Amino acid sequence: MTPNPIKKVGVVGCGLMGHGIVQVAAQGGCQVVAVETEQKFLDSGLGRIDKSLAKLAEKAIEKGKPADAAKADAAAVRARISGSLDKQALADCDLVIEAIVENLDVKKALFAELGRICKPATILASNTSSFPIGEMGAASGRPDRMVGLHFFNPVQLMKLVEVVRTDKTAPEAFAAARAFGEACGKVPVACKDTPGFVVNRLLVPYMVQAIEMLDRGDASKEDIDAAMQFGCGYPMGPLTLTDYVGLDTTLFILDGWVKRYPNEPAFRVPKSLREKVAAGKLGRKTGEGYYKWEGDKKA
Ligand code: CAA
Ligand code: NAD
């Protein structure tokens, strides 16, 4: 494993993805500051981290780790995490990872601000699912320090991180981001700055096909999901997965691609996806998407 040169990390956005990134960075030994827009969002993200650390400690104890040591490890990770509503707290970070809403204009405005606030050596990273890293690097004014660090949901359990370089990313910034991903316990894969990188370029069109199959009435959602679970060994079917990712995030990804690549037939928005988002049915996070949810489990 390459030594990790990143000691202090900032994470902007402490939602579904951000809270997990904060946690794995702290588990990897980094000091981490999470930045949110409102105290209630920060409290919610830090609360999720507390729950996840308690669960992981419970699992370690089940596997034979002494309870005192497991609890002390969790407390040490938690002690490396702080929260702030002020982006100035990011000024001295070695790496700042953005995990805010999937909207390119909002992300570019944030990177312009980070370019002004952060020390010159800070590496800037986006966890975007679909937007060009190069455009965010240009907005930051430091395109050579810009990378993609694309984690997967749930961050605490999924082993992959895509490390994305643009044609302007400096080799040492890319190497540092990759070493950081390894320190977080992830398997890094190198990607070019293409739409959806590797995973989402394959996965999102597959989710679209599944939703359209349901919309046409070809099969029930339960049967589509069971088919992919038991026919292909996927851990969850595509409609459960869409609920898990968030219907809003899936729609933001597809709308962005349709606008940017109108001639790519794989990029299109299924009818029921737009209707459900308009109705506020965003998936697991709102209690209903393609399925109904009670907390983290399907009802
Ligand atoms: N922290 C700690 N523990 C957690 C946890 C977390 N965040 N989330 C779940 N767990 C625990 C659960 O509590 C459970 O513990 P018990 O066994 O004690 O009950 C255990 O982990 C397993 O979880 P589940 O019971 O939910 O069952 P599972 O075996 O189905 O595993 C899963 C869950 C790992 C999510 C698995 O279903 C899976 O791999 N699903 C596919 C996820 C996927 O494809 N993710 C990628 C989405 S796409 C993306 O992320 C990119 C993008 O840009 C959109
Ligand atoms: P989310 O809505 O759960 O969280 C976003 C958080 O960012 C919210 O808590 C919000 O308050 C905060 N935020 C918004 N603007 C902000 C700002 N200017 N400053 C600070 N905080 C701000 O969304 P999410 O699902 O965590 O997605 C975040 C990013 O990760 C998106 O780019 C998404 O495409 C990407 N992503 C999502 C998934 C997934 O499965 N949901 C997987 C991989 C990558």
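Data block above holds the structure.
About the thresholds
- Residues numbered from 1 in each chain as written.
- Chains lettered and ligands numbered in written order.
- Predicted model: local features only at pLDDT ≥ 70, side-chain atom pairs only at ≥ 80, totals over all residues.
- Heavy atoms only, no water.
- Helix = DSSP H or I, 4+ residues; strand = E, 2+ residues; numbered from the N terminus.
- Rg over C-alpha atoms; globule rule 2.2 N^0.38 Å.
- Buried < 20%, exposed > 50% of the residue type's maximum accessible area, 1.4 Å probe, protein only.
- Contact = heavy atoms within 4.5 Å.
- Areas by Shrake-Rupley, 256 points an atom, 1.4 Å probe, with all protein chains shown as cover.
- Near = heavy atom within 4 Å.
- Polar contact = N/O pair within 3.5 Å; in protein donor to acceptor, adjacent residues only side chain to side chain.
- Nonpolar A, V, L, I, M, F, W, Y, C, P; charged D, E, K, R; others polar.
- Domains from an automatic or database assignment.
- Axes fitted to C-alpha atoms, helices over the stretch in contact; angles between N-to-C directions.
- Parallel < 35°, antiparallel > 145°, perpendicular 65-115°, else oblique.
- Salt bridge = Lys/Arg side-chain N within 4 Å of Asp/Glu carboxyl O.

Visitor: Pulling in residues and values, what's your account of the overall build of the protein chain?
Guide: On a plain count of helices and strands, the protein chain comes out with eleven helices and ten strands. Taken over the C-alpha trace, the protein chain has a radius of gyration of 19 Å; the compact-globule value for 299 residues is 19 Å, and the two agree within 12%. In the protein chain, buried positions account for 48% of the 299 residues. In the protein chain, the share of contacts with a sequence separation of at least 24, taken over all contacts with a separation of at least 6, comes to 69%. Of the accessible surface of the protein chain, which amounts to about 13800 Å², a share of 56% is contributed by carbon and sulfur atoms.

Visitor: With reference to specific residues and values, describe the site of ligand 1.
Guide: If you check the shell around ligand 1, you find 20 residues, and the closest are Ser-52, Lys-59, Ser-129, His-150 and Asn-153. Between ligand 1 and Asn-200 there is a distance of 2.8 Å, counted from an oxygen atom to a side-chain nitrogen or oxygen. For ligand 1, whose unbound accessible area comes to 1100 Å², protein coverage reaches 68%. Secondary-structure elements contributing two or more residues to the shell around ligand 1 are α2 (39–62), α7 (199–216) and α9 (238–245). For the shell around ligand 1, the per-class residue count stands at eleven nonpolar, six polar and three charged. When residues are assigned to domains, the shell around ligand 1 turns out to be shared by domain 1 (8–192) and domain 2 (200–290), each giving three or more.

Visitor: Which residues make up the packing of helix α8 (residues 221–232) against α9, and what values go with them?
Guide: Any two packed helices are characterised by how steeply their axes cross, that is the angle between the axes, and by the distance between the axes. The interhelical angle for the contact between α8 and α9, taken along N-to-C directions, is 100 degrees, at an axis separation of 7 Å. Judged by the inter-axis angle, α8 sits roughly perpendicular to α9. Along its contact with α8, which presents Lys-221, Ile-224, Asp-225 and Met-228, the element α9 presents Pro-238, Leu-239 and Thr-240. Its residues assigned to classes, the contact of α8 with α9 shows four nonpolar, one polar and two charged.

Visitor: Any chance you could break down the pattern of salt bridges for me, citing the residues and the numbers?
Guide: Under the defined criterion, the tally for this structure stands at 20 salt bridges. Between Glu-135 and Lys-108 there is a salt bridge; the shortest N-O distance is 3.2 Å. In this pair, Glu-135 is assigned in helix α5 (residues 133–140) and Lys-108 in helix α4 (residues 104–117), connecting sequence segments 27 residues apart. Glu-135 sits in the partly exposed class, given a relative accessible area of 25%. Residue Asp-248 pairs with Lys-285 through a salt bridge whose shortest N-O separation is 3.0 Å.

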